[in-house]
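# Observations on the model geometry
The primary structure of each chain is shown beneath.
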Amino acid sequence: MRTDSRLSRMLHVLLHMARANEPMTSEQIARMLDTNAAVVRRTMAGLRMAGYVQSDKGHHGGWRLACGLDRITLLDVHQAVGGPRIFAIGADRDNPDCAVERVVNAAIADALHQAEVLLVQRLGAVSLADLAGQFDALCRAAPSNAKTKSSHWPRP
């Protein structure tokens, strides 16, 4: 099964936007993500509607943050990009006639519900400012290690 990478890709983009001195065009972001600009615009639209980014048209236009990284959590981004259900596994039939299948479905549903509550709580507890701080700490700890630095453009 193919994984949905919108959350990680948009977190990546937002952290780069926070370091950019100018707005980033959809084309720049598309090159960074190895996709096309239409996909970027479609995905960024949800972030714009949520108030996390804004876009300007024209020669010096592009995407930029509309609020501080401390105001955006991983859960916020997941919801803004229209993330799918947290877990894709589930019951074969919602209302089975078989008592064994009903017991199995109940056990799976309970486990998934508990796991989703925990995951949503954790995603909501981590801000983009937290991630930016972790990245900065990696760069300070190993300044000569190219793997810890952004591979797309230098830090300001």
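For every chain, the first residue of its written sequence is number 1, and the numbers climb from 1 along that sequence. Under the rules for a predicted model, residues below a pLDDT of 70 receive no local features and side-chain atom pairs below 80 are neither given nor counted, while totals for whole chains, interfaces and linings still include all residues. Each side-chain value is derived from all of the structure's non-hydrogen atoms; neither hydrogens nor water enter the calculation.

Under an unreviewed UniProt entry, the name given to the protein chain is Transcriptional regulator, and the source organism is Bordetella genomosp. 4.

### Some remarks on the overall build of the protein chain
The numbering of helices and of strands both runs from the N terminus, where a helix is a DSSP run of H or I of at least 4 residues and a strand a run of E of at least 2. Check the secondary structure of the protein chain and you find 6 helices and 2 strands. Only protein chains enter the accessibility calculation, which uses a 1.4 Å probe; a residue is then buried when its area is under 20% of its type maximum, exposed when over 50%, and partly exposed in between. Out of the 156 residues in the protein chain, the part that is buried amounts to 31%. When the accessible surface of the protein chain is totalled, it reaches about 10200 Å², and 53% of it is carbon and sulfur. Here the Shrake-Rupley method, with its probe set to 1.4 Å, supplies the accessible areas, and only the displayed protein chains count as covering residues.

### Examining the pattern of salt bridges
Where charged atoms of side chains with opposite charge meet at close range, the side chains can pair. Definition used for salt bridges: Asp or Glu carboxyl oxygen within 4 Å of a side-chain nitrogen of Lys or Arg. Scanning all chains against the criterion turns up 3 salt bridges. Two residues, Asp 136 and Arg 19, come together in a salt bridge whose shortest N-O distance is 2.2 Å. Taken as a pair, Asp 136 in helix α6 (residues 128-141) and Arg 19 in helix α1 (residues 6-19) lie far apart in primary sequence, 117 residues in all. Classification of Arg 19 by relative accessible area gives buried; the value is 18%. Arg 41 is paired through a salt bridge with Glu 27; the nearest N and O atoms lie 3.6 Å apart. Of this pair, Arg 41 sits in helix α3 (residues 37-49) while Glu 27 is found in helix α2 (residues 26-33), placing the two residues 14 residues apart along the sequence.

### Structural notes on the packing of α1 against α3
Axis geometry follows a simple rule: fit a line to the C-alpha atoms, using only the stretch in contact for helices, then measure angles between N-to-C directions, giving values from 0 to 180 degrees. Here α1 crosses α3 at 70 degrees, and the two axes come no closer than 12 Å. Accordingly, the angle class assigned to the pair α1 and α3 is roughly perpendicular. Crossing of α1 over α3 shows right-handed handedness. Mapping the contact onto sequence places Met 10, Val 13, Leu 14 and Met 17 in α1 and Thr 43, Met 44 and Leu 47 in α3. Three classes are used: nonpolar for Ala, Val, Leu, Ile, Met, Phe, Trp, Tyr, Cys and Pro, charged for Asp, Glu, Lys and Arg, and polar for all others, with Gly counted as polar. Here the residues of the contact of α1 with α3 are counted per class, giving 6 nonpolar, 1 polar and no charged. Here the word oblique covers every angle except those under 35 degrees (roughly parallel), over 145 (roughly antiparallel) and from 65 to 115 (roughly perpendicular). We call a crossing left-handed when the near helix sits turned anticlockwise from the far one by less than a right angle, and right-handed when that turn is clockwise. By definition, residues are in contact when any of their heavy atoms lie within 4.5 Å.

### A closer look at the packing of α2 against α3
In contact at an axis separation of 8 Å, α2 and α3 are set at 105 degrees when each is read in the N-to-C sense. One finds that α2 runs roughly perpendicular with respect to α3. Taken together, the residues of α3 that come into contact with α2 (itself represented by Ser 26, Glu 27, Ile 29 and Ala 30) are Ala 37, Val 40, Arg 41 and Met 44.

### Some remarks on the nonpolar core
Among buried residues, the Ala, Val, Leu, Ile, Met, Phe, Trp, Tyr and Cys ones that are joined through side-chain atoms within 4.5 Å form a nonpolar core. By size, the foremost hydrophobic cluster in this structure holds 31 residues, and its most contacted members are Met 17, Ile 29, Met 44, Leu 47 and Val 77. Looking at this core, the elements that each hand over two or more residues are α1, α2, α3, β2 (62-65), α4 (74-80) and α6. Counting residues per element, this core draws most heavily on α1, at 6 residues. With near-sequence residues (within four places) excluded, Val 77 lies in contact with Leu 7, Met 10, Leu 11, Leu 14, Leu 47, Ile 72 and Leu 128.

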